[in-house]
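A structural walkthrough
Read off the chains here:
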Amino acid sequence: MKLHMHPASITSRPVRLLIAEKGLDVDEEVVDLFTGAHHQEPYVSFNPNRLVPVLEDGDLKLTESSAILKYLADKFDMAEYPKDLKARAKVNEIMDWFNSNFYRDWGYNLCYPQLFPHHVRPSEEGQRIAVEWGRDRSKFWMQVLNDYWLGDGRPWLAGSSPTIADYFAGSIVALGDMVRFDFSAYPNVAAWLANVKAMPHWGEVSAALDGFAASLSDKDFVAA
Ligand SMILES: N[C@@H](CCC(=O)N[C@@H](CS)C(=O)NCC(=O)O)C(=O)O
């Protein structure tokens, strides 16, 4: 198996973390997002989305970090993706919630336009509106995460043990570190995120992202 990824990619991180935590035998191939390798052949033909990650397993080529996590968890029979129909439905629900509702406003409106030049909107006003929209909507979703999904003080999103939803969501929520988001107003989120970050391999798979965050220490950000 081979994972096409970039070490500073938010959506590569949960897959790399699961592989590392479980000690899976998966080769890694870096797609250099900083030199634009994903916009050049042979990658463009390989993944016309021009995004990472992509998992290759024999004749299977799989995009979408959420789908890759589910595939690996099933292939290696992991408790992190429960077999029980209702327990699995809750994990799927949480992952879909993050991938759509939360990530749209948090990633593509609040954080990415402040971090990556190709996400900056074409006018100052457009940029301001996008970031303010992202800020306001992210506050809403963060409160729902704090009060509803994690409202009973549970350590993990689906209950008492970690699931692939925690891997997936942990990486997305930790994107807030890049814009120095203050999690203190959301104590249940902060406590849960600390649990995710306490996974033994978190630091190692986050090294490139932490380095990128450190390089931005002089930059001002709008955070929620
Ligand atoms: N929905 C996709 C999103 C993948 C994605 O956005 N990947 C980013 C890295 S975090 C990427 O490849 N970006 C390249 C670019 O924006 O040019 C997934 O979850 O795998």
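All of the points below concern the structure found in this document. Just so it is clear, the model here is predicted, and its values are computed rather than measured. (Residues numbered from 1 in each chain as written. Predicted model: local features only at pLDDT ≥ 70, side-chain atom pairs only at ≥ 80, totals over all residues.)

1. A word on the sheet that holds strand β3 (residues 54-57)
With respect to topology, 4 strands assemble into an open sheet ordered β2-β1-β3-β4, the strand pairing being mixed. If you trace the sheet from one side to the other, it starts and ends with β2 (27-30) and β4 (60-63), each paired once. Shown here is a sheet whose adjacent strand axes are inclined to one another by a mean of 20°, direction ignored. Pairing geometry for strand β1 (residues 2-5) and β2, over 4 bridges, is parallel. Along β2, the bridge assignment pairs His4 with Glu29. (Pairing = 2+ DSSP bridges. Helix = DSSP H or I, 4+ residues; strand = E, 2+ residues; numbered from the N terminus. Axes fitted to C-alpha atoms, helices over the stretch in contact; angles between N-to-C directions.)

2. As for the site of the ligand
With respect to spatial proximity, the complete set of residues near the ligand consists of Ser9, Ile10, Thr11, Leu33, His38, Leu51, Val52, Pro53, Glu64, Ser65, Ser66 and His118. A per-class count over the shell around the ligand returns 5 nonpolar, 6 polar and 1 charged. (Near = placed C-beta within 6 Å. Nonpolar A, V, L, I, M, F, W, Y, C, P; charged D, E, K, R; others polar.)

3. Re the nonpolar core
Counting 55 residues, the largest nonpolar core has Leu69, Ile94, Ile164, Ala165, Phe168, Ile172 and Val189 as its most contacted members. Elements that contribute at least two residues to this core include exactly β1, α1 (13-22), β3, α3 (65-75), α4 (85-115), α5 (124-149), α6 (164-173) and α7 (187-197). Here this core gets 10 residues from one element, more than from any other, and that element is α4. Each of two domains, domain 1 (2-75) and domain 2 (85-215), supplies a minimum of three residues to this core. Those residues in contact with Ile94 that sit more than four places away from it in its chain are Trp149, Leu157, Ala158, Ala165 and Ala169. (Core = buried A, V, L, I, M, F, W, Y, C linked by C-beta atoms within 7 Å. Buried ≥ 20, exposed ≤ 12 C-beta atoms within 10 Å, placed from the backbone. Domains from an automatic or database assignment. Contact = placed C-beta atoms within 7 Å.)

Everything listed here is a matter of geometry and, on its own, says nothing about what the molecule does.
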